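Per-entry structural report
What follows is the residue order along each chain.
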Amino acid sequence: MDNIRVFLANRKKYEEGTLVGEWITLPIDFYEQEEFFERIGVEEDPCRDSIVTDYKTDLPNANFGRYPGLNDLNKLARMISALSWTQMEKVLAMFEVFPPSTLTSAIELVHSECEFALLSDLHSDKELGEYYAAGLHLFDSLPEKLRKYIDYAALGRDIHPGFKRHFTSYGCLLDIW
């Protein structure tokens, strides 16, 4: 998954009206960064003399603001690259539900990943109710002919009254804190 790509430009040239820069895929390490800055002519202070003019990401609803900082984008990309696929699915669901409005809020959202549970492939209260009924063996002793009267949607809606649930394209995201 190509998470974050940025167009990093030479700020001095940019302010003079010339676009000198390249697309790079994050995260990059210190040595790659130094080589890149040399290629685009940034010689003194890379933080002051470079600018992210555009970015592309697979993260849904990601809005990092205008001219986001390279160090923070690189930090976010490092955090994302360290996630397992299961954790990444949860983060993608979180971005669907809580679209970050800034780069800082995106980093905070990834940090809070452990405060959520994702039940993959559950997309409705009914499916959630059926999941818990089967997993907890709630109605195993009930005769089959009576099971058709069970309101699984109500069960799914009420099973976790203290948890907020959000149905996403990745499944049911539970806010467990």
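This text goes with the structure placed above it.
Presented here is a report on the structure given in the accompanying data block.

Cut-offs used in this document
- Each chain carries its own residue numbering, running from 1 in the written order of its sequence.
- The predicted origin of the model limits local features to residues at a pLDDT of at least 70 and limits the giving and counting of side-chain atom pairs to 80 or more, whereas totals for whole chains, interfaces and linings rest on all residues.
- Based on all heavy atoms of the structure, the side-chain values leave hydrogens and waters out of the count.
- The rule is short: rings of Phe, Tyr and Trp, with Trp giving its six-membered ring, pair when the centres are within 6.5 Å, and they are stacked under 30 degrees, edge-to-face over 60, tilted in between.
- The helix count covers DSSP runs of H or I at least four residues long, the strand count covers runs of E at least two residues long, and both are numbered beginning at the N terminus.
- Exposure classes here rest on a 1.4 Å probe applied to the protein chains alone. A residue is buried below 20% of its type maximum, exposed above 50%, and partly exposed in between.
- Geometrically, a charge over a ring is one whose NZ (Lys) or CZ (Arg) sits within 6 Å of the ring centre while staying within 35 degrees of the ring normal.
- By the convention used here, strands pair only if DSSP detects at least 2 bridges between them.
- Helix axes are fitted only over the stretch in contact, all axes being lines through C-alpha atoms; the angle between N-to-C directions runs from 0 to 180 degrees.
- Residue contacts are defined here by distance: any two heavy atoms, one from each residue, within 4.5 Å place the two residues in contact.

**Some words on the packing of aromatic side chains**
Overall, the coordinates contain 6 aromatic pairs when judged by the stated rule. Their ring planes at 70 degrees and their centres at 5.7 Å tell us that phenylalanine 7 and tryptophan 23 sit as a pair that is edge-to-face. Of this pair, phenylalanine 7 sits in strand 1 (residues 4–10) while tryptophan 23 sits in strand 2 (residues 21–26); the two residues are 16 residues apart in sequence, bridging distant segments of the chain. Here phenylalanine 7 falls in the buried class, since its relative accessible area comes to 13%. On the basis of relative accessible area, tryptophan 23 is assigned to the partly exposed category, the value being 30%. Between the NZ or CZ atom of lysine 56 and the centre of the ring of tryptophan 23, over which it lies, the distance is 4.8 Å.

**A closer look at the sheet that holds strand 5 (residues 164–168)**
Strands sit in the order 4-6-5 across an open sheet of 3 strands; the sheet is antiparallel. Every interior strand has two partners, whereas the edge strands, strand 4 (116–120) and strand 5, have only one. Each strand of the sheet is rotated relative to its neighbour by a mean of 20 degrees, with strand direction disregarded. Along the sheet, helix 5 (residues 85–97) makes contact with strand 4, strand 5 and strand 6 (171–175), crossing strand 4 at roughly 105 degrees.

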